Amino acid sequence: MKTTSTDYHNRTADEYDQGYQSPYWRIYNEITWHYIKSVLPRNKDDALILDAGGGTGLWAIKTAELGYKVVMTDIADNMLEMARKKIADEELTNKITILNCDIIDMSQFDNEQFDLSLAEGDTVSYCSDPEKAISELARVTKPAGHVTVSVDNKLNWVAIYYKQGKIEQAEELLRTGMAQMQVKSGHGFDWFPAYMFTIEELKTLFRKYNLDPIKAVGKPVFTPFDKCLENSEIYKCFLDLELEFSSLPSVAGKGGHIALIGKKL
Ligand SMILES: C[S@@+](CC[C@H](N)C(=O)[O-])C[C@H]1O[C@@H](n2cnc3c(N)ncnc32)[C@H](O)[C@@H]1O
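What counts and how
- All residue numbers refer to position in the chain's written sequence, counted from 1.
- Since the coordinates come from a predicted model, pLDDT governs what is reported: local features require at least 70, and pairs of side-chain atoms require 80 or more to be given and counted, while whole-chain, interface and lining totals use all residues.
- Working from all heavy atoms in the structure, the side-chain values ignore hydrogens and water.
- Whenever a carboxyl oxygen of Asp or Glu lies within 4 Å of a side-chain nitrogen of Lys or Arg, that contact is scored as a salt bridge.
- Numbering of helices and strands runs from the N terminus, with a helix taken as a DSSP run of H or I at least four residues long and a strand as a DSSP run of E at least two residues long.
- Burial status follows relative accessibility: with a 1.4 Å probe on protein chains alone, a residue under 20% of its type maximum counts as buried, one over 50% as exposed, and anything between as partly exposed.
- If a single non-hydrogen atom of a residue is within 4 Å of a molecule or strand, that residue counts as near it.
- Pairs of N or O atoms are called polar contacts if they sit within 3.5 Å, as long as, within protein, a hydrogen donor faces a hydrogen acceptor (for residues adjacent in sequence, only side-chain-to-side-chain pairs).
- For the accessible areas, the method is Shrake-Rupley and the probe is 1.4 Å, while residue cover comes only from the protein chains on display.

Novice: Would you mind showing me how to read the pattern of salt bridges here?
Specialist: If charged atoms from side chains of opposite charge come close, those side chains can pair. According to the stated counting rule, one finds nine salt bridges in the structure shown. Of the charged contacts in the structure, one is a salt bridge between Lys86 and Asp17, with a shortest N-O distance of 2.7 Å. Here Asp17 lies in the loop between α1 (5–16) and α2 (23–38) and Lys86 lies in helix α4 (residues 77–89), a separation of 69 residues in the sequence. Asp17 gets classed as partly exposed once you look at its relative accessible area, which sits at 26%. The salt bridge partner of Glu201 is Lys154, with a shortest N-O separation of 2.8 Å. Taken as a pair, Glu201 in helix α9 (residues 199–208) and Lys154 in helix α7 (residues 154–163) lie far apart in primary sequence, 47 residues in all.

Novice: Would you take a moment to explain unusual backbone geometry for this structure?
Specialist: Leave glycine aside and you will find that most residues have negative phi; peptide bonds, for their part, are mostly trans. One non-glycine residue with positive phi stands out, namely Glu112, at about 55°. Mapping Glu112 onto the fold places it in the loop between β3 (96–100) and β4 (114–119). In this structure Glu112 comes out as partly exposed when scored by relative accessible area, which is 43%. Of note in this structure, Asn210 is not a glycine but carries a positive phi near 65°.

Novice: Could you clarify how one ought to interpret the site of the ligand in this entry?
Specialist: Near the ligand, the surroundings consist of 19 residues, among which Gly53, Asp74, Asp102, Ile103 and Glu120 are the closest. A distance of 3.4 Å separates a nitrogen atom of the ligand from a polar backbone atom of Ile75. Interatomic distance of 3.1 Å between a side-chain N/O atom of Thr123 and an oxygen atom of the ligand. Compared with its free state, where it exposes 590 Å², the ligand has 96% of that area covered by protein. Counting only elements with at least two residues in the shell around the ligand, the list comes to α1 and α5 (123–126). If you tally residues by element for the shell around the ligand, the top one is α1, at three residues.

Structural measurements only, silent on function.
Set out below in structure tokens:
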């Protein structure tokens, strides 16, 4: 069934966290946390972080636990509801403001309000206008502040489609930058549109909106989606490899996802 990202996330919000418990996704999240930590604002007491498309609150909670004030947004009310419960359980309600907001129209925020703006976990891929999303992230971020954006890697998906014999989908993705993302939910499989990028395409958009792309990271680059990760020693080997090498320019573009970190000029 064709759906939208918002319907899908509203329908599956209560299963969302469970879907990301496997060792593969734990490594993905470790890589993300590694680069988020590298751009956390120094002025913890008066800094403000935006977690746009924050889902069930993973990054809002992790940054608030360090003492930061966070505004987390999402377009799917049920995801926000899950986040609200977790934030209350962690006793972080005084640190995190939760708002329903489309990343492509953040007019409820002033210009240059945030020291760090996060758009993790494909929010920019799933929204209806990725360029508008990046322009909004840039607008609300203070000069010298940072923006992180994670998206689906277009070339990785082209290769997957070729491997599956889906040549038309691969060529449509190459031509349009868009694919129908297949996702699993309680009643089977759904599809919703996702925009995908190469590192170069994402860098061009960053530069257009005064974000200097300081680092690109592949997420993950080396780690296989495989049972071998259940062995804790092997898990650690892959994690170390990712943390040391996944931002090398020669390998970052091979990631399942791409993260780009920009500094607002
Ligand atoms: C895969 S989840 C990632 C959640 C979280 N950022 C994380 O990394 O755990 C993608 C999220 O983007 C949200 N989203 C999709 N389109 C959006 C939009 N236009 N504006 C705000 N959030 C959006 C979805 O509702 C969903 O919660």
